Amino acid sequence: MHPPETFAITALATAIGRGERAALAEALNLLDDRRPAARGQAAELLRLLQHAQDNTRSQLIGITGPPGAGKSTLCAALITVWRQRGQRVGVLAVDPSSPLSGGAVLGDRLRMQTSADDDGVFVRSLATRGQFGGLSAEVWPMSLVMLAGFDVVLIETVGVGQREVDVSRLCDTTCYVAQPGSGDSVQFLKAGILEVPHILVVNKADMGAVAHRTLAELDAALHREHPDGHWQVPVLATSATHHSGIEALADVMEQHYAELQSQGQLAPRRRSYQAYWIHKRLQEEFGSFGIEQLGGEQALLAQLETQDLNLLDHYEVLRQGLYTRCLGSSASESP
Ligand SMILES: Nc1nc2c(ncn2[C@@H]2O[C@H](COP(=O)(O)OP(=O)(O)O)[C@@H](O)[C@H]2O)c(=O)[nH]1
Ligand SMILES: [Mg+2]
């Protein structure tokens, strides 16, 4: 099978903009394809969709938290609310335990709550791969494709400890879902890890006293002001199964997005996602040595964030440069 031709890529980008499911599925497969010809096509597609990064109508939301906290159920409940509000929703479900169960679980929950043939919702599951902080390297390019076709793009990831940090570097708004009765969330908060989310949620509020206690503990341990500035981190109670607190959560997510826009933070934030993605991919391939060759992490990120670049093109340029340098240095070292 040959990858699609250039004219087909243009048509593909247009169809994605219209939110056509078949086009989305084809594009996501293309981004997953490691063959050189497919990589060229993927770069072309991302070039055509680059504008989606500046799409200030679409919001990119990360939902993270420990396994079993109710993230998938909560996502399904949120999707119902967004659909009622006329918004189209794309979901990337990242499940580290199995390649498909995350999306399958979310799919099951959606079928229970929404109409099965609703083409305003698109769910894709992804396996975790490599050392990408639990996230597959394709997450950002795939988000970009989703941003072109949907009003809300949701990324569900399991976050345990440090891993919340990674999804937060690829999303406009990060929401952490805590499990009632688990001391972990409070520990993370005290350790500074939970400074990253913009919204904290204690789900399973229907559990009563134990949920209230966790809510009170998080409330007490929280530093209100988010390090991003101009945002007071709220702690909300929801019950995804009883559908309570979901509208309020959707409202707070919208407020955070409006805040990002009014502060002029959205555009630089989005540029930082692809800078981070390029950095992570180079690090996966060349290790810390490669990053040092490019001047170190801080310098590389700063350089990437200020450029108006096409993601895959730029990555390829840096990658080729590193290969040349590695070959050059090994040649000069040989006797
Ligand atoms: N009591 C209660 N159970 C919930 C709630 N939300 C989810 N659950 C249950 O918690 C379990 C894990 O839910 P799931 O959404 O798969 O969690 P995830 O691993 O974080 O995605 C399932 O059995 C859900 O039915 C809730 O609000 N209240
Ligand atoms: Mg889940």
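Along each chain, residues carry numbers from 1 onward, in the same order as the chain's sequence is written. Lettering for chains starts from A, numbering for ligands starts from 1, and both go in the order in which the items are written. The predicted nature of this model means local features are confined to residues of pLDDT at least 70 and side-chain atom pairs, given and counted, to a pLDDT of 80 or more, with totals for whole chains, interfaces and linings taken over all residues. Only hydrogens and water are set aside when side-chain values are computed; all heavy atoms of the structure are taken into account.

**Considerations on the overall build of the protein**
Only runs of H or I of at least four residues qualify as helices and only runs of E of at least two qualify as strands under DSSP, and these elements are numbered from the N terminus. The number of helices and strands found in the protein is 13 helices and seven strands. Taken over 335 residues, the protein has a buried fraction of 54%. Considering only contacts within the protein whose residues lie at least 6 apart along the sequence, 78% involve residues at least 24 apart. To measure how exposed things are, a 1.4 Å probe is used in the Shrake-Rupley method; for residues, cover is taken only from the protein chains shown. In the form shown here, the protein has an accessible surface area of approximately 14100 Å², with 53% of it arising from carbon and sulfur atoms. Note on classification: 1.4 Å probe, protein chains only; a residue is buried when its accessible area is under 20% of the maximum for its type, exposed when over 50%, partly exposed between these limits. Any two residues whose heavy atoms approach within 4.5 Å at even a single point are treated as in contact.

**Here's the deal with the coordination of the magnesium ion (ligand 2)**
Distances define the donors: N, O and S atoms within 2.8 Å of the metal qualify, as do those within 3.2 Å of Na, K or Ca. Water is excluded, so some sites may look unfinished. With distances of 2.2 to 2.3 Å, the protein atoms coordinating the magnesium ion (ligand 2) are Ser72 (OG) and Glu156 (OE). With Ser72 in helix 4 (residues 71-84) and Glu156 in strand 4 (residues 152-157), this pair connects stretches of sequence that are 84 residues apart. When sorted by exposure, Ser72 lands in the same class as Glu156, which is buried.

**Quick look at the confidence of the model for the protein**
The share of residues in the protein with pLDDT of 70 or more is 82%, and the mean pLDDT across the chain is 82. Confidence, read as mean pLDDT per element, is least for helix 5 (residues 101-113) in the protein (54) and greatest for helix 10 (residues 246-262) (96). Considering only residues more than four positions removed or in separate chains, one finds that residues 97-103, a stretch of pLDDT under 50, has eleven contacts. Predicted confidence for residues 331-335 stays below pLDDT 50, and this span has zero contacts to residues more than four positions away or in other chains. Summary of the metric used: pLDDT quantifies the predictor's per-residue confidence within the range 0 to 100.

**A few points about the pattern of salt bridges**
In what follows, salt bridge is the name for a side-chain nitrogen of Lys or Arg lying within 4 Å of a carboxyl oxygen of Asp or Glu. As enumerated under the stated definition, the model contains 13 salt bridges in all. Between Asp251 and Arg85 there is a salt bridge, and its shortest N-O distance comes to 2.8 Å. Taken together, the positions of Asp251 in helix 10 and Arg85 in the loop between helix 4 and strand 2 (89-95) put the pair 166 residues apart, joining distant regions of the chain. Judged by its relative accessible area of 32%, Arg85 falls in the partly exposed class. As a salt-bridge pair, Asp172 and Arg270 come within 2.6 Å of each other at their nearest N and O atoms. Placement of the pair is Asp172 in the loop between helix 7 (163-168) and strand 5 (173-178) and Arg270 in helix 11 (residues 266-293), with a sequence separation of 98 residues. Judged by its relative accessible area of 0%, Asp172 falls in the buried class.

**Examining the packing of aromatic side chains**
Side-chain rings of Phe, Tyr and Trp (the six-membered ring for Trp) are treated as a pair once their centres are within 6.5 Å; stacked means planes under 30 degrees apart, edge-to-face means over 60, and tilted covers the remaining angles. Counted under the stated rule, the structure contains four aromatic pairs. For the ring pair Trp277 and Tyr315, a centre distance of 5.9 Å and an interplane angle of 55° mean the geometry is tilted. With a gap of 38 residues between them, Trp277 in helix 11 and Tyr315 in helix 13 (residues 311-333) connect regions that are remote in the sequence. The exposure class assigned to Trp277 is buried, which follows from its relative accessible area of 0%.

**Observations concerning the site of ligand 1**
Residue proximity to a molecule or strand is established when one non-hydrogen atom of the residue lies within 4 Å of it. The full set close to ligand 1 counts 16 residues, and Gly68, Lys71, Thr73, Asp206 and Ala240 are the nearest of them. In protein, a polar contact requires one atom able to donate a hydrogen and another able to accept it; more generally it is a pair of N or O atoms within 3.5 Å, and residues adjacent in sequence count only if both atoms are side-chain atoms. Within the side chain of Ser239, an N or O atom sits 3.3 Å from an oxygen atom of ligand 1. Contact distances for ligand 1 include 2.8 Å between an oxygen atom and a backbone N or O atom of Ala240. Against a free-state accessible area of 580 Å², the protein chains account for coverage of 73% of ligand 1. By residue number, the principal contributor to the shell around ligand 1 is helix 4, which donates three residues. Amino acid classes used here: Ala, Val, Leu, Ile, Met, Phe, Trp, Tyr, Cys and Pro are nonpolar; Asp, Glu, Lys and Arg are charged; the rest, including Gly, are polar. Its residues assigned to classes, the shell around ligand 1 comprises four nonpolar, seven polar and five charged.

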